[in-house]
Amino acid sequence: MPTPQPGIFAERTHSHMLLEYQLKDGVDDASLCRALGAAVRGEGQTAEVTELTGQQSPVNVVWAFGADCWARLDGDAPKGLRSFAGAGKGDTVAPATQRDIFIWFHGDNHSANFDAALAAHRALTAVAEPLLDKNGFFYWDSRDLSGFVDGTENPEGDEQKEVALIPDGEPGAGGSYVFSQQWIHKLDAMHALSQADQEKMIGRTKLDSVELKGDAMPDNSHVSRSDVKVDGVGQKLYRRSVPYGGVTESGLYFLAFSRDIERYERILASMFGTSGDGVHDRLTEMSTPVTGSYWFAPSAEELSRIA
Ligand code: HEM
Ligand code: MG
């Protein structure tokens, strides 16, 4: 099995930078490859503070590409890779804003992340436009800004790779289908709900993240809508979402890794009211998705082919 990009699996890091780029018109493939190579190699990193203070802090970097961009890089494309086309209907929609390059910097030292991100940005700036640039952070004990623990049902141990990675023998093996979606929270509206009502919205208790049982679990809770099974197979994702923002705008940068792109389609249909029962996720009344892209995070070997 080719090696996955290790940053996918580095958990509980405190500082995050999330960047999405769109290729500029008229950029030729040779310029694109040159710029990306320099960015992936981390060329031009100054690390001034590191030199001054002697501080060392590892930065995890995950690179992923939209279908069109990956095709231009002559990569080994997984068979399901495509642009995100959106989900939902009427007032409950997940917009598609498919972009070309996604970079996720994360670690425990924001200074180190910033230096690495700035170097990559400078390397890319001739060929691509930054359309999303968010700072994220670890909120308390891995909570979303709603105050609920995010990631309770995430796979652990060996199951993480089983869920996240395209299996051996398939095109793109060791890589992952990524879905990212910026949500803007209506935090005041969320906080105005009673705790019992917030728990019904998520489908878990707030303090200790215990799943509601039986009649206490509403049909339209987030857990009811996102815990999708197809022929008895749970549509599991490895979620690495990141809370972002400040006091005037904040939310969740939903980020997940999967062996199978269809899992996203099925969960989104269930959340956005287009699966069989037509029920939509109550979360969509308290938070609004404003971006959405599918990406392919190639294996480390495939990525170094670019560099
Ligand atoms: C579960 C938050 C969007 C997929 C959860 C949980 C929380 C949460 C608090 C329960 C704890 C846990 O198991 O992690 C949010 C917030 C979102 C959001 C605040 C956006 C504002 C999404 C989206 C997807 C998704 C867009 C998929 C496309 C899942 C899945 C689970 C889950 C698969 C586990 C369900 C289970 O098996 O019990 N989320 N989520 N979530 N979420 Fe989300
Ligand atoms: Mg469950």
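What you see is a predicted model, and the numbers here were worked out from it, not measured in a lab. (Residues numbered from 1 in each chain as written. Chains lettered and ligands numbered in written order. Predicted model: local features only at pLDDT ≥ 70, side-chain atom pairs only at ≥ 80, totals over all residues. Heavy atoms only, no water.)

**Quick look at the pairing of strand β7 (residues 176–185)**
With respect to burial, β7 is a largely interior element, nine of its 10 residues being buried. Where β7 meets strand β14 (residues 293–297), five bridges bridge the pair, whose relative direction is antiparallel. The residue of β14 that forms the bridge with Tyr177 is Phe296. Alignment of β7 against strand β12 (residues 250–258), held across eight bridges, turns out to be antiparallel. Pairing of Gln182 across the sheet is with Tyr253, part of β12. (Buried < 20%, exposed > 50% of the residue type's maximum accessible area, 1.4 Å probe, protein only. Helix = DSSP H or I, 4+ residues; strand = E, 2+ residues; numbered from the N terminus. Pairing = 2+ DSSP bridges.)

**Some details on the coordination of the iron atom of ligand 1**
Coordination of the iron atom of ligand 1 by the protein comes from a single atom, His222 (NE2), at 2.0 Å. Mapping His222 onto the fold places it in helix α8 (residues 222–226). (Donors = N, O, S within 2.8 Å, 3.2 Å for Na, K, Ca; no water.)

**Observations concerning unusual backbone geometry**
Of note in the backbone geometry, Ser209 takes a positive phi value of approximately 60 degrees without being a glycine. Tracing the backbone through its elements, the reader meets Ser209 in the loop between α7 (195–202) and α8.

**A short note on the packing of aromatic side chains**
The geometry of an aromatic ring pair is captured by two quantities: the separation of the ring centres and the angle between the planes. Counted under the stated rule, the structure contains 16 aromatic pairs. Relative to Phe272, the ring of Trp183 has its centre 6.0 Å away and its plane inclined at 40 degrees; by these criteria the two rings are tilted. Here Trp183 is found in strand β7, whereas its partner Phe272 is found in the loop between α9 (262–271) and α10 (283–286), with 89 residues between them in sequence. Comparing Trp183 with Phe272 shows no difference in burial state: the two are buried. Ring pairing ties together the aromatic residues Phe84, Phe179, Phe254, Tyr264 and Tyr294, which thus form one cluster. One residue, Lys161, lies across the ring of Phe9, its end atom 4.6 Å from the ring centre. (Phe/Tyr/Trp six-rings, centres within 6.5 Å; stacked < 30°, edge-to-face > 60°. Lys NZ or Arg CZ within 6 Å of the ring centre and 35° of its normal.)

**Considering the pattern of salt bridges**
The tally for this structure, following the rule as stated, stands at 18 salt bridges. The salt bridge partner of Arg82 is Glu265, with a shortest N-O separation of 3.8 Å. With a gap of 183 residues between them, Arg82 in the loop between α3 (67–72) and β3 (87–89) and Glu265 in helix α9 connect regions that are remote in the sequence. Relative accessible area serves as the criterion here: at 29%, Arg82 is assigned to the partly exposed category. The exposure class assigned to Glu265 is partly exposed, which follows from its relative accessible area of 31%. One salt bridge connects Arg266 with Asp260, and the closest N-O pair in it is separated by 3.8 Å. (Salt bridge = Lys/Arg side-chain N within 4 Å of Asp/Glu carboxyl O.)

**Let's talk about the environment of Glu129**
Summarising the element assignment, Glu129 is placed in strand β6 (residues 128–137). When its relative accessible area of 41% is taken as the criterion, Glu129 is described as partly exposed. Expressed as a C-alpha distance, the spacing of Glu129 and Pro95, which sit 34 residues apart in the sequence, is 20 Å. Setting aside anything within four residues of it in sequence, one finds Glu129 in contact with Glu20, Tyr21, Gln22 and Lys24. (Contact = heavy atoms within 4.5 Å.)

**Quick notes on the packing of helix α1 (residues 29–41) against helix α4 (residues 110–124)**
Running from amino to carboxyl end, α1 crosses α4 at an angle of 170 degrees, the nearest separation of the two axes being 8 Å. Considered as vectors, α1 and α4 are oriented roughly antiparallel to each other. Along the contact surface, α1 presents Ala35, Leu36, Ala38 and Ala39, while α4 presents Ala120, Ala123 and Leu124. Split into classes, the residues belonging to the contact of α1 with α4 amount to seven nonpolar, no polar and no charged. (Axes fitted to C-alpha atoms, helices over the stretch in contact; angles between N-to-C directions. Parallel < 35°, antiparallel > 145°, perpendicular 65-115°, else oblique. Nonpolar A, V, L, I, M, F, W, Y, C, P; charged D, E, K, R; others polar.)

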